[in-house]
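# Secondary and tertiary structure notes
Chain by chain, the residues:
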Amino acid sequence: MKKLFSPLVLLPFVLLAFIYFFVFPNDFRLQSSLAACAGTPATSSAATGTARAAAELRVLLGVLTRADTYERRALLRLAYALQPAPTRAVVDVRFVVCNLAKEEDAALVALEIAAYGDVIVLNCTENMDNGKTHTYFSTVPRMFAGEPYDYVGKTDDDTYYRLAAVADTLRDMPRHDLYYGFLNPCHTKPELQYMSGMGYIVSWDVAAWIAAAGELRNDTNGPEDKVFGRWLRWGGKGRNVYGAEPRMYDYLDAAAGQKPTCFRHALAADTVAVHKLKDRLSWARTLKFFNATEGLKPSVLHHVHS
C-alpha cells in the first residue's frame, strides 16, 4: 500500500527557515551583539555606545587592591553594579593590581578579566606605599590616550563611593588642574594638607603631568596620599582644590566605642564616599543604609529579611 504524504513532515524545516530569516536575519548578528553586551564590565556606570557618547563627563575610578582579595572585588562589583547609573555621565570602576606573581592569581585573575573586563594589571611589584600609586597615574594616560577621561581617581578597596554623587559633584567643577577629595589632616594649614588616600580625583591634565614628570619616579616612598600631595605642591599642579568633607568620611562604629571626629561620623544621605569598611558587617550596614537591595523582588526562591 502506498503511504500518504503528510504536510507535518515539512514542519521542522519550516520552523528552521522561520528562525533563520526572521529571528537571525543578518547572518546571526543578533548573537554577536548579545555577546558584546555580555562583555560590558559590570563595574561601568553606563552602557557603551550611545549612552557613553552622550555623557557630559567621564571618570575613571581605580580601586587599588591586591590580586588575592577575591571576596572584596566580588563584593565591590555587586555594590557598584546595583547602584543607579549617574545622569549623563560615565564612572568606570576598575580594579588595579600589580604583576600577578603567583600561579593561582595568574589563572584566577585571568578568569575575572575574561568575565568582567574590569581589572588593570600594572607592571610593578605589589605594594601600597612604594610606588604603586605613581605607576597607576603614570600608566593611565598612555593606556587611555585614544579616549581620555575628564577625571582620574584613586581609591582603596575599603571605600564605598556613590557614583551618581561623584558625577553630580564633579559636573560643574573645573576640567583642568583639579584636586578633589577629603582634605587631611583636618583643621590645619592648607599648605600642610593633602587628600586622604581613602579616595581622591584629579583632572586628566594632572594625571598626564605625573606621567611626563620623570623626577617623580624617584619620590615614591612613604604614605602614598601624602607623597601625592607633595608632588602637586612641587609641580604647582592641582591648584583647584576642592575638599569634599563632610560628604567623604570614615565609617563610625559606635558599637566599638568610636566617637565622631572631624573625619568620622554616622552614615549620611548626601554621602560621596565612606571609608574604613574593613569587615562584612560594616559593608552590610552601609549598603543597607543606602538601600542597595531595594530592587529585590519577592520570589519563591528566597526568604530574605532586610
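Residues numbered from 1 in each chain as written. Predicted model: local features only at pLDDT ≥ 70, side-chain atom pairs only at ≥ 80, totals over all residues. Heavy atoms only, no water.

## Observations concerning the overall build of the protein
Filter applied, for reference: Only DSSP runs of H or I reaching four residues or more are called helices, and only runs of E reaching two or more are called strands; each is numbered from the N terminus. Contact criterion: two residues are considered in contact whenever any of their non-hydrogen atoms come within 4.5 Å of each other. Throughout, the Shrake-Rupley method with a 1.4 Å probe supplies accessible areas, and for residues the shown protein chains are the sole cover considered.
Along the backbone of the protein there are 10 helices and 11 strands. Here the contacts in the protein between residues at least 6 apart in sequence split such that 73% fall between residues at least 24 apart. Total accessible area computed for the protein in this model is approximately 17100 Å², and 60% of it derives from carbon and sulfur atoms.

## A look at the sheet that holds strand S3 (residues 119-121)
Here is the rule we go by: The pairing criterion for strands is at least two bridges between them, as found by DSSP. Throughout, an axis means a line fitted to C-alpha atoms (over the contacting stretch in the case of helices), and angles, computed between N-to-C directions, take values from 0 to 180 degrees.
Within the open sheet, the 7 strands sit side by side as S3-S2-S1-S4-S7-S6-S8. Their pairing is mixed. The sheet is open, and its two edges are formed by S3 and strand S8 (240-243), each paired on a single side. Between one strand axis and the next, the sheet turns through 25° on average, direction left out of account. Pairing between strand S2 (residues 89-97) and S3: 3 bridges, direction parallel. Bridging across to S3, Val96 finds its partner in Ile120. Sheet strands in contact with helix H8 (residues 204-212) are strand S4 (151-156), strand S6 (178-184) and strand S7 (194-203), and its direction is about 100° off that of S7.

## Thoughts on the packing of H8 against helix H9 (residues 224-235)
We apply this condition: Note that the term roughly parallel is reserved for angles under 35 degrees, roughly antiparallel for angles over 145, roughly perpendicular for angles of 65 to 115, and oblique for everything else. The classification used treats Ala, Val, Leu, Ile, Met, Phe, Trp, Tyr, Cys and Pro as nonpolar, Asp, Glu, Lys and Arg as charged, and all other residues, Gly among them, as polar.
Contact geometry for H8 and H9: axes closest at 12 Å, N-to-C directions at 90°. Our classification of the angle between H8 and H9 gives roughly perpendicular. For the pair H8 and H9, contact is made by Val206, Trp209 and Ile210 and by Phe228, Trp231, Leu232, Trp234 and Gly235, respectively. When the residues that make up the contact of H8 with H9 are grouped by side-chain class, the tally is 7 nonpolar, 1 polar and no charged.

## Side note on the packing of aromatic side chains
Operational definition: Two rings from Phe, Tyr or Trp (for Trp, the six-membered ring) form a pair when their centres sit within 6.5 Å of each other. Planes less than 30 degrees apart are called stacked, planes more than 60 degrees apart edge-to-face, and all others tilted. Two conditions define a charge sitting above a ring: the NZ of Lys or the CZ of Arg must be within 6 Å of the ring centre, and it must be within 35 degrees of the ring normal.
Per the stated rule, a full pass over the model turns up 13 aromatic pairs. An angle of 25° between the planes, with centres 5.9 Å apart, marks the rings of Tyr80 and Tyr160 as stacked. Residue Tyr80 is located in helix H4 (residues 70-81), and its partner Tyr160 is located in strand S5 (residues 160-161); the two are separated by 80 residues in the primary sequence. Judged by centre distance (4.9 Å) and plane angle (70°), the rings of Tyr136 and Phe137 are edge-to-face. Ring pairs connect the aromatic residues Tyr136, Phe137, Tyr179, Tyr200, Phe228 and Trp231, which therefore count as one cluster. Between the NZ or CZ atom of Arg58 and the centre of the ring of Tyr149, over which it lies, the distance is 4.1 Å.

## Things to note about the environment of Asn130
Relative to the elements of secondary structure, Asn130 occurs in the loop between S3 and helix H6 (132-143). Measuring from C-alpha to C-alpha, the distance between Asn130 and Glu224 comes to 7.6 Å, with 94 residues separating the pair along the chain.

## A few points about the nonpolar core
Worth spelling out the cut-off: Buried Ala, Val, Leu, Ile, Met, Phe, Trp, Tyr and Cys residues that are joined via side-chain atoms within 4.5 Å together make up what is termed a nonpolar core. We call a residue buried when its accessible area falls under 20% of the maximum for its residue type, exposed when it is over 50%, and partly exposed in between, using a 1.4 Å probe and counting protein chains only.
By size, the foremost hydrophobic cluster in this structure holds 42 residues, and its most contacted members are Tyr151, Tyr160, Tyr161, Leu170, Tyr180, Met248 and Val272. Not counting residues within four places of it along the chain, the set of residues in contact with Val272 comprises Tyr160, Tyr161, Arg162, Ala165, Val166, Thr169, Tyr180, Arg247 and Met248. Residues Tyr149, Met195, Val206 and Val227 belong to the second largest nonpolar core, which totals 29 residues.

## Quick look at the pattern of salt bridges
Where we set the bar: A pairing counts as a salt bridge when a side-chain nitrogen of Lys or Arg comes within 4 Å of a carboxyl oxygen of Asp or Glu.
Scanning all chains against the criterion turns up 18 salt bridges. Here Asp150 makes a salt bridge to Arg175, at a shortest N to O gap of 3.6 Å. In this pair, Asp150 is assigned in the loop between H6 and S4 and Arg175 in the loop between helix H7 (163-170) and S6, connecting sequence segments 25 residues apart. The partner of Asp250 in a salt bridge is Lys276, with the nearest N and O atoms 3.6 Å apart.

## Looking at the confidence of the model for the protein
Rules: The predictor attaches a confidence to each residue, called pLDDT, with possible values from 0 through 100.
Across the protein, the average pLDDT comes to 87, with 83% of residues at or above 70. Note on residues 1-5: pLDDT under 50 across the span, and 1 contact to partners over four residues away in sequence or across chains.

## Some details on the state of the cysteines
Stated formally: Pairs of cysteine sulfur atoms within 2.5 Å are identified as disulfides in what follows.
Tallied over the entire structure, the rule returns 2 disulfides. Across a sulfur-sulfur distance of 2.0 Å, Cys98 and Cys124 are joined as a disulfide pair. Taking the sign of the S-S torsion, about -85° here, the bridge from Cys98 to Cys124 comes out left-handed. Taken as a pair, Cys98 in the loop between S2 and helix H5 (103-116) and Cys124 in the loop between S3 and H6 lie far apart in primary sequence, 26 residues in all.

## Considering unusual backbone geometry
Here the bond from Asn184 into Pro185 is cis, since omega is -5°, no more than 30 degrees from zero. Look at the link from Glu245 to Pro246: it is a cis peptide, with omega at 5°. Looking at the element boundaries, Pro246 is found in the loop between S8 and strand S9 (248-251). The phi dihedral of Arg88 is positive, around 50°, even though this residue is not glycine. Here Arg88 is to be found in the loop between H4 and S2. Notably, Lys276 is not glycine yet its phi reads approximately 70°, a positive angle. Turning to its location among the elements, Lys276 is positioned in the loop between strand S11 (273-275) and helix H10 (280-289).

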